[in-house]
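# Chains, contacts and geometry: an overview
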Amino acid sequence: MYKSPDKLPLDHGLPESNEHMRTYRQHGVLPGFPLALGFTLLYLSLIVLVPLSATFLKSATLGWSGFFEAVTTPRVLASYKLTFGAALAAAAINAVMGLLVAWVLVRYEFPGRKLADALVDLPFALPTAVAGIALATLYSSKGWIGQFAAQAGFKIAFTPLGVTIALTFIGLPFVVRTVQPILEDLERELEEAAASLGATRWQTFLKVILPTISPALMTGFALAFARGVGEYGSVIFIAGNIPLVSEITPLLIITKLEQYDYAGATALAVSMLLVSFTLLLAINLLQWWTRNRRGSRV
Amino acid sequence: MSIEIRNITKSFGSFQALKGIDLTIGSGELVALLGPSGCGKTTLLRIIAGLEAADSGQILFHGEDTTHRHVRERRVGFVFQHYALFRHMSVFENVAFGLRVRPRGQRPPEAEIRRRVQELLELVQLDWLADRHPGQLSGGQRQRIALARALAVEPKVLLLDEPFGALDAKVRKDLRRWLRRLHDGLHITSVFVTHDQEEALEVADRVVVLNAGQIEQVGSADEVYDHPATPFVCQFIGDVNLFHGRVHGGRALIGETVIELPDIAESDTEQALFFARPHEIEIGGDGAGIVAVVRDIRRRGNAVRVELERKDGRGAVEAELSREAFGRHAIKHGDEVVIQPSKIRVFQP
């Protein structure tokens, strides 16, 4: 095909290694590493670790068998299925739709763009109970939207579908706000290069854009999921809380608290924590893997 | 594959980036678009590629109108200033990209893709980096990979947008000579954009000098350097001294100084611009000349640059002497000397 010209006069060799010597003590322009680390650990302990440990300790008063029994009753198992299932479904919907929203906000100039951009944050700001009541009203079988569903022969409010909608509402900003800055930084030249090499728009999106934004997208997904699992206020109104059908785990915890069953409540909390932690760890590992796969981070 | 550019115009809002460009690039030529930043050179290149749409005018590839053809179908190889490599892919996959995105029917089999990519990596002498990621390469290596990636689709035209602009001086020099030799081997019609006149003169068969959205001159490196068509080209290509004066009776009159214009038959004018390059300024010649004071002396390798201030208060003059000539004249700071352009270019408004 092509013939190479003679050797380059000098080969520029390998670039400077990206690997830094990893030591615990790092030198930089900003001093104070031991102090900063100490403070960070103390702060994290006070804010995160101590309350969580207390939860574990309280649940431990049940003993193994008591604990196991408390977290595996049919009603509790059904609530896990709903909570984690709906949170995953909502996070997945948000990953797709949130990406679309972020794309439109970043890529297009249109009247009202700033307003639309501000609208994205509303689920963050709105008291969750307000959101819950509004959603329940809209989606009940007599509500603005729910009546059409009723005509079509299915219900939204008081079903797992309603729960998923509430969690989708609450999780949207997480995806949009994590993906948006990455999309803004995305070089147009990458797309132009792909196009000049003959890639169609769809190929450019799948092979060039998506891999570039996927770490951010996964972070957004994880955040939306975590928020969905712990969500209470906006869900309980639209869920209707029918045992075995539309009862979420956080509601069961509240119910137990109202019955002064503190150990039982913390047992449920611990089991949720463990599942959430495992899932988030898995997402983080996946991110770490994709990042590693592309060599050093640039 | 020849490229014909017909009366291309382009505006960005109220800014007119290109004001009617006509240019024909012959098959297998290596042409440089040279000009200061904002002159429209990159815009023109992007219009040739199809990355930008012209407001009016036509682009013809080999006599065929491609004005409205999508960049995907133009079969151009485009090399970006900042490489635009796909960072999540290995070097190998970057080069293979153009082959892998082909429709199923035209896609070469995997073994063929491997062979072609290997060949291209050998061409740019980086086959040992196939498994690395772009983030692990130096700038010069990245740009060679970008070039290999562009060549993978066997483009009919190669377009390079300031390909060496982000590299440091030494690498830039090596790489542009290498590009020249590569082009000699490939004979692919190539256009590259640069603001570096040295680069353009050294690499290109022909140089297109652009200024403010218009072509000032098209010609070989020697032509634009020795016979600049406009004052702009004269000032932009190489260092130059500018004198104001008039032409009378076949002689240049600069202030009180009279200089014979032997080989130029210029008509008399009241206003003229005279240009002389630093090495064309002679110091200490006998007879008439411009009186000036030595302000600064700088050695640059084997040449000596002397900065002078004209006695009549009409600006500075820069002269370049060889070491020997400099030694002969024994000039020092503060001396009053007579200078005389040995060669002069005249532009009459």
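Chain A carries the name Sulfate transport system permease protein CysT in an unreviewed UniProt entry, which gives Methylococcus capsulatus as its organism. Quoted verbatim from the Subcellular location (unreviewed entry) field of UniProt, the annotation for chain A is "Cell membrane".

Right, let's talk about empty space enclosed by the protein for a bit. All names here are of chain B. If you walk through the whole model with that rule in mind, you get three cavities of 30 Å³ or more. Approximately 60 Å³ is the volume found for the largest cavity. Contributions of two or more residues to the lining of the largest cavity are made by helix H5 (139–151) and helix H6 (169–186).

With that settled, the discussion passes to the nonpolar core. Soluble globular proteins tend to pack their nonpolar side chains together in the buried interior. Counting 55 residues, the largest nonpolar core has Val163(A), Leu167(A), Val179(A), Leu183(A), Val235(A), Ile238(A) and Leu268(A) as the members making the most contacts within it. Listing elements by their share of this core, those giving two or more residues are helix H2 (63–70), helix H3 (74–107), helix H6 (128–139), helix H8 (160–185), helix H10 (201–230), helix H11 (233–239), helix H12 (249–258) and helix H13 (262–293) of chain A. The element that contributes the greatest number of residues to this core is H3(A), accounting for 14 residues. What Leu183(A) contacts, discounting residues up to four positions off in sequence, is Leu99(A), Ala102(A), Trp103(A), Val106(A) and Ile213(A). With 50 residues, the next largest nonpolar core counts Leu34(B), Leu120(B), Phe164(B) and Leu179(B) among its residues.

All names here are of chain B. Across all of its chains, the model carries 39 salt bridges over all chains by this definition. Where Asp 296 meets Arg 298, a salt bridge forms, and the shortest distance between an N and an O atom there is 3.3 Å. Given a relative accessible area of 32%, Arg 298 falls into the partly exposed group. One network of salt bridges, in which partners are shared, links Arg 172, Arg 176, Arg 177, Asp 196, Glu 198, Glu 199 and Glu 202.

To continue, consider helix H9 (residues 188–196) of chain A. Residues and elements named next belong to chain A. Summarising burial for H9: seven of the nine residues are buried, a large majority. Here H9 has its buried residues at Leu 190, Glu 191, Glu 192, Ala 193, Ala 194, Ala 195 and Ser 196. Phi turns positive one or two residues past the end of H9, at Gly 198, with a value near 100°.

About the cut-offs
Residues numbered from 1 in each chain as written. Chains lettered and ligands numbered in written order. Predicted model: local features only at pLDDT ≥ 70, side-chain atom pairs only at ≥ 80, totals over all residues. Heavy atoms only, no water. UniProt positions renumbered as here; feature names shortened; annotations may be inferred. 1 Å grid on protein atoms, 1.4 Å probe; cavity = no way out; pocket = protein on both sides within 12 Å on 5 of 7 lines; lining within 4 Å. Points joined across faces, edges and corners; volume = space filled by probe spheres on them. Helix = DSSP H or I, 4+ residues; strand = E, 2+ residues; numbered from the N terminus. Core = buried A, V, L, I, M, F, W, Y, C linked by side-chain atoms within 4.5 Å. Buried < 20%, exposed > 50% of the residue type's maximum accessible area, 1.4 Å probe, protein only. Contact = heavy atoms within 4.5 Å. Salt bridge = Lys/Arg side-chain N within 4 Å of Asp/Glu carboxyl O.

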